[in-house]
Amino acid sequence: MTGPFDLTGKVAIVTGANTGIGQAIALSLAAAGADIAAVGRTPAEDTVEQVRALGRRAQIVSADLSSIEPVQRVVDETLETLGGLDILINNAGIIRRADSVDFTEEDWDAVIDTNLKTSFFLCQAAGRHMIAQGSGKIVNIASLLSFQGGIRVPSYTASKSGIAGLTKLLANEWAAKGVNVNAIAPGYIATNNTAALQADETRNRQIQERIPAGRWGEASDIGGAALFLASAAANYVHGHILAVDGGWLAR
């Protein structure tokens, strides 16, 4: 592969790479030539096998991202095993659902720590390396709830609104240093995180009726957007939150 989307020789960290959106992004980047550090609590063995089948190098980096404890090790292990770091995909995340009047501090902290706190400190650790080398791409995974309120997911909405703000802040600080920081806001994608909504007949129908494309998104629908933002094609894109939502926000 040649051209602005060619990632040959690049090394990407993808968090939450064992399934769903993370796996789809890892495979899209690998198909474009990138080597992959697949990071997460659950070993991404299937993802690594598929990346290697594409002729790229892949390494499992085991890390529980519910705290910032493993953050620097993730970066160091990637540099040691794959010899570089050019792309960070901040995808790992969790969700907890309950009415706001019943929402617990435990569920608040668990989601904020994983989705927002650890994501920031991964950006920081990767950003230090990227700034030193004068180049890098960071793609955070935001949400439609970076723009909207949602229901029954207060900590998730807060975390994804925070991701949108941090993406813009880091772009302001790092754009002139050669580091692009952007985000993708997936729409309703059929993954484990949305299993409860898919199983709710009423909500499932309401969601699909609202989406102009008339269907739930697939994890693979996010891959092309991630490849764009991680590639030279997006060299002048900074602080943008790209909705991949079947037209939901346009409705």
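Residues numbered from 1 in each chain as written. Predicted model: local features only at pLDDT ≥ 70, side-chain atom pairs only at ≥ 80, totals over all residues. Heavy atoms only, no water.

Draft legend 1. Just the overall build of the chain, in detail. Within the chain, the regular secondary structure consists of eight helices and seven strands. Computed over its C-alpha atoms, the radius of gyration of the chain comes to 17 Å, within 12% of the 18 Å expected for a compact globule of 251 residues. Split into buried and exposed, the 251 residues of the chain put 49% on the buried side. Counted over contacts in the chain with a minimum sequence separation of 6, partners at least 24 positions apart contribute 70%. (Helix = DSSP H or I, 4+ residues; strand = E, 2+ residues; numbered from the N terminus. Rg over C-alpha atoms; globule rule 2.2 N^0.38 Å. Buried < 20%, exposed > 50% of the residue type's maximum accessible area, 1.4 Å probe, protein only. Contact = heavy atoms within 4.5 Å.)

Draft legend 2. Quick look at the packing of aromatic side chains. This model, assessed by the stated rule, comprises three aromatic pairs. A ring pair is formed by Phe120 and Phe121, whose centres lie 4.9 Å apart and whose planes are at 75 degrees; its orientation type is edge-to-face. The exposure class of Phe120 is partly exposed, given its relative accessible area of 24%. Taking the centre distance of 4.8 Å and the plane angle of 50 degrees together, the rings of Tyr188 and Trp248 count as tilted. Of this pair, Tyr188 sits in the loop between strand E6 (179-186) and helix H6 (195-199) while Trp248 is found in the segment after strand E7 (241-244), placing the two residues 60 residues apart along the sequence. (Phe/Tyr/Trp six-rings, centres within 6.5 Å; stacked < 30°, edge-to-face > 60°.)

Draft legend 3. How the structure looks around the packing of helix H3 (residues 71-82) against helix H4 (residues 105-133). Put simply, H3 and H4 touch, their axes get as near as 9 Å, and they point 40 degrees apart. Overall, the two elements H3 and H4 adopt an arrangement that is oblique. For H3 against H4, the interelement crossing comes out right-handed. Contacts from Val71, Gln72, Val74, Val75 and Leu79 of H3 reach H4 at Thr118, Phe121, Leu122, Ala125, Ala126 and His129. Partitioned by chemical class, the residues of the contact of H3 with H4 number eight nonpolar, three polar and no charged. (Axes fitted to C-alpha atoms, helices over the stretch in contact; angles between N-to-C directions. Parallel < 35°, antiparallel > 145°, perpendicular 65-115°, else oblique. Left-handed = near helix turned anticlockwise from the far one by under 90°. Nonpolar A, V, L, I, M, F, W, Y, C, P; charged D, E, K, R; others polar.)

Draft legend 4. Representation of the environment of Pro4. Turning to its location among the elements, Pro4 is positioned in the segment before strand E1 (11-15). A C-alpha to C-alpha distance of 15 Å links Pro4 and Ile87, two positions 83 residues apart in sequence. Setting aside residues no more than four positions away along its own chain, Pro4 makes contact with Ser231, Ala232 and Ala233.

Draft legend 5. Looking closely at the sheet that holds strand E3 (residues 58-62). Strand order in the open sheet made by the seven strands is E3-E2-E1-E4-E5-E6-E7, with parallel pairing throughout. Every other strand in the sheet has two partners, leaving E3 and E7 as the edge strands with one partner each. The sheet shows a mean angle of 20 degrees between the axes of neighbouring strands, direction not considered. Both strand E5 (residues 136-141) and E6 contribute to a ladder of six bridges, which runs parallel. Within the sheet, the bridge partner assigned to Gly136 lies in E6 and is Val179. (Pairing = 2+ DSSP bridges.)

Draft legend 6. Summary view of the packing of helix H1 (residues 20-31) against helix H8 (residues 220-230). Their axes nearest at 8 Å, the elements H1 and H8 cross at an angle of 50 degrees. With respect to H8, the axis of H1 lies oblique. Helix-helix and strand crossings are classified by hand; for H1 and H8 the assignment is right-handed. Counted together, Ile21, Ala24, Ile25, Ser28 and Leu29 of H1 and Ser220, Ile222, Gly223, Gly224, Ala226, Leu227 and Ala230 of H8 form the full contact between these two elements. Broken down by class, the residue content of the contact of H1 with H8 amounts to eight nonpolar, four polar and no charged.

Draft legend 7. Representation of H1. Taking 1.5 Å of rise per residue, the twelve residues of H1 would be expected to cover 16 Å, and the 17 Å separating its terminal C-alpha atoms lies within 8% of that figure. Most of H1 sits inside the fold, with ten of its twelve residues counted as buried. Buried residues of H1: Gly20, Ile21, Gly22, Gln23, Ala24, Ile25, Ala26, Leu27, Leu29 and Ala30, and no others. Of the residues flanking the end of H1, it is Gly33, one or two places downstream, whose phi is positive at about 115 degrees. (Expected span 1.5 Å × (residues − 1).)

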